[in-house]
Amino acid sequence: MKKNLFYLISAVVLTACNSSSETENITSDDPSSTIVERRSCPSEEIRAELLKNDPAARQRYANVEVGVQNVLDGKVLADGTVDIPVVVNVLYRTSAENLSDSRIAEQIAILNADFAGTNTDASKIPAEFSGIKAGDTKVRFHLVKTVRKSTAKTKWGTNDAMKKASSGGIDATSPSSYFNLWVVGNMGGILGYATFPESAGLWNDGVVIAAPYFGKTGATSPYNLGRTATHEVGHYLNLRHIWGDATCGNDLVSDTPTQTGANYGKPTYPKYNTCSGTSRSIMFMNYMDYVDDAAMFMFSAGQKSRTQSVLTSTGARSGLRVY
Ligand code: ARG
Ligand code: ZN
Ligand code: CA
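Scope of this entry: the structure provided in the associated data block.

Reading the values: the criteria
- Every chain begins its residue count from 1, and numbering advances along the sequence as written.
- A letter from A marks each chain and a number from 1 marks each ligand, given out in the order of writing.
- Owing to the predicted nature of the model, reporting of local features is limited to residues with pLDDT of at least 70; listing and counting of side-chain atom pairs is limited to 80 or more, with chain, interface and lining totals taken over all residues.
- Secondary structure elements are taken from DSSP: a helix is a run of H or I of four residues or more, a strand is a run of E of two residues or more, and numbering for both begins at the N terminus.
- Any residue surrounded by 20 or more other C-beta atoms within 10 Å of its C-beta is treated as buried, while 12 or fewer makes it exposed and the intermediate range makes it partly exposed; C-beta atoms here are placed from the backbone.
- The contact rule is simple: place each C-beta atom from the backbone, and if two of them lie within 7 Å, those residues are in contact.
- Two strands make a pair as long as DSSP finds a minimum of two bridges between them.
- Throughout this description, a residue near a molecule or strand is one whose C-beta atom, derived from the backbone, lies within 6 Å of it.
- Each residue receives one of three labels: charged for Asp, Glu, Lys and Arg, nonpolar for Ala, Val, Leu, Ile, Met, Phe, Trp, Tyr, Cys and Pro, and polar for the others, Gly being one of them.
- As used here, a nonpolar core is made of buried Ala, Val, Leu, Ile, Met, Phe, Trp, Tyr and Cys residues. They are joined through C-beta atoms within 7 Å.
- Between N-to-C directions, angles span 0 to 180 degrees; the directions come from axes that are lines fitted to C-alpha atoms, helices contributing only their stretch in contact.
- Oblique is the label for any angle not covered by the other classes, which are roughly parallel (under 35 degrees), roughly antiparallel (over 145) and roughly perpendicular (65 to 115).
- Here a crossing is taken to be left-handed if its near helix is turned anticlockwise relative to the far helix by less than a right angle, and right-handed if that turn runs clockwise.
- Multiplying 1.5 Å by the helix residue count minus one yields the expected span of that helix.
- The arc in question is the one spanned by the directions pointing from the helix axis to the C-beta atoms.

1. Thoughts on the overall build of the protein
Logical step 1: Each helix and strand counted, the protein has 7 helices and 9 strands in total.
Logical step 2: Taking all 323 residues of the protein together, the buried fraction comes to 33%.
Logical step 3: Summarising the internal contacts of the protein: among those between residues at least 6 apart in sequence, 67% fall at separations of at least 24.

Quick look at the structure:
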């Protein structure tokens, strides 16, 4: 595509100079008029002059056409949806840890449903919160490549060893353009972890998930609905824990009620917390809490805005729009 753009730009610049006359004489079969004046719109000629003399304008012109092409190629969809390319890096010791292609497809489908708001359990969103649910966040995911590597390691930590070949892992594939997801056999009590957008494009940028909590079929209850990935991708797209990682902390999202701390298991709705003297019904069913997979089923509208912001053309993760 880049090549085509280059030729297109060269063609515009080269043809510009020799279009000197705005009108031209053409002969007609009609005997009553031997010479007619043809109308002419000089916009392209003016543009060509601009592009010829101004390298910055040439760059802007190329960017415009890349943006158009991204929509045509389905990378940024016409309705503004960003379709994020995913590379899954699997580090396995046992054959069970070497997750099947269908298990990986299942996890991608779960991400797509959860970020589209088409997850079947969205029907459980309490009426109190249905007006501020995200619905379709306009973020989608598509698998580009799966990289597999066998390892003798029985346990991984949170020191990013899995993200470097030199420490027994798999190097990220172009992390500014692809969302890298690593699957490891075991991280002890940790289901997964993520980097936030300030790490965009760094060697360690992406999400790690322990194999038992990846996908659905054969996954380990109560984390067997693929929601660890939904939660970690939330972080990757700039969402904080709903309790703000502090007692009555701030998640920088105004429509998620302030709550005293994390929730676990399957809380019963409604559940009230008091922060700064105000009692509120809390949104423990949010993907950014710590409840069981079956107990989390929504993002809020405010969270949707935050995730979309990092994916705009000026956002920290704009690189994900390109491929
Ligand atoms: N990083 C969190 C952990 O390791 C992920 C929690 C995801 N929650 C879930 N229900 N899957 O605990
Ligand atoms: Zn988290
Ligand atoms: Ca909040």
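Structure shown, so let's carry the discussion forward.
2. Let's talk about the pairing of strand E9 (residues 278–281)
Logical step 1: Bridging between strand E8 (residues 272–275) and E9 involves 4 bridges; their strand directions are antiparallel. Its bridge partner being in E9, Tyr-272 is matched across the sheet by Ser-281.
Logical step 2: Taken together, E8 and the strand that follows it, E9, pair antiparallel across an intervening segment of 2 residues, in which Ser-276 is found at a positive phi of about 50°.

3. A word on the site of ligand 1
Logical step 1: As a structural note, the neighbourhood of ligand 1 is formed by Ile-190, Leu-191, Gly-192, Tyr-193, Tyr-223, Arg-227, Thr-228, His-231, Tyr-290, Asp-292, Asp-293 and Met-296.
Logical step 2: Put simply, the parts of the chain that give the shell around ligand 1 at least two residues each are strand E6 (192–194) and helix H6 (227–236).
Logical step 3: Of the residues forming the shell around ligand 1, the biggest block, 3 residues, is contributed by H6.
Logical step 4: Partitioning the shell around ligand 1 into residue classes produces 6 nonpolar, 3 polar and 3 charged.

4. As for unusual backbone geometry
Logical step 1: Of note, the bond from Ser-221 into Pro-222 is cis; its omega dihedral lies within 30 degrees of zero at 5°.
Logical step 2: Residues Tyr-269 and Pro-270 are joined by a peptide bond in cis, for which omega reads -5°.
Logical step 3: Tracing the backbone shows Pro-270 in the loop between H6 and E8.
Logical step 4: In this structure, Ser-174 is a non-glycine residue whose phi angle is positive, near 25°.
Logical step 5: In the Ramachandran plot, Cys-248 falls in the positive-phi region, its phi being about 55° despite a non-glycine side chain.
Logical step 6: In this fold, Cys-248 is placed in the loop between H6 and E8.
Logical step 7: Classification of Cys-248 as partly exposed rests on a count of 15 C-beta atoms within 10 Å.

5. Some details on the nonpolar core
Logical step 1: Core analysis: the largest hydrophobic core is formed by 59 residues, its most contacted members being Leu-181, Val-183, Val-184, Ile-209 and Met-285.
Logical step 2: Where this core is concerned, the elements lending two or more residues are strand E3 (82–92), helix H4 (101–116), strand E4 (139–150), strand E5 (179–184), strand E7 (207–210) and H6.
Logical step 3: Among the elements that take part in this core, E3 stands out by supplying 7 residues, more than any other.
Logical step 4: Not counting chain neighbours up to four residues away, the residues in contact with Met-285 comprise Ile-125, Val-291, Ala-295, Met-296, Phe-297 and Met-298.

6. A few points about the packing of H4 against H6
Logical step 1: Two elements in contact, H4 and H6, have axes separated by 9 Å at closest approach and are oriented at 60°. Judged by the inter-axis angle, H4 sits oblique to H6. Here H4 runs over H6; the crossing is right-handed. Only Ala-229, Thr-230 and Val-233 of H6 make contact with H4, whose side of the interface consists of Gln-107, Ile-110, Leu-111 and Asp-114.
Logical step 2: Per-class residue counts for the contact of H4 with H6 are 4 nonpolar, 2 polar and 1 charged.

7. As for the sheet that holds E6
Logical step 1: Taken in spatial order, the 5 strands line up as E4-E3-E5-E7-E6 in an open sheet, and their pairing is mixed. Bordering the open sheet on either side are E4 and E6, each of which pairs with just one other strand. The mean angle between the axes of side-by-side strands here comes to 20°, regardless of whether they run parallel or antiparallel.
Logical step 2: For E3 and E4, the ladder comprises 11 bridges, and the chain directions are parallel.

8. Observations concerning H4
Logical step 1: Over its 16 residues, H4 runs 22 Å from end to end, which matches the ideal 22 Å to within 8%, given 1.5 Å per residue.
Logical step 2: The complete set of buried residues in H4 reads Gln-107, Ile-110, Leu-111, Asp-114 and Phe-115. The arc that holds every buried residue of H4, seen down its axis, measures 120°, which confines them to one face. Every exposed residue of H4 that faces more than 90 degrees away from the buried side is listed here: Asp-101 and Ser-102.

9. Remarks on the environment of Lys-138
Logical step 1: With respect to the secondary-structure elements, Lys-138 resides in the loop between helix H5 (127–130) and E4.
Logical step 2: Lys-138 sits in the partly exposed class, given 19 other C-beta atoms within 10 Å.
Logical step 3: In this structure the C-alpha to C-alpha distance between Lys-138 and Lys-304, which are 166 residues apart in sequence, comes to 8.4 Å.
Logical step 4: Leaving out residues up to four positions away in the same chain, Lys-138 has contacts with Asp-79, Gly-80, Thr-81, Val-82 and Gln-308.

All we've got here are geometric facts, nothing functional implied.
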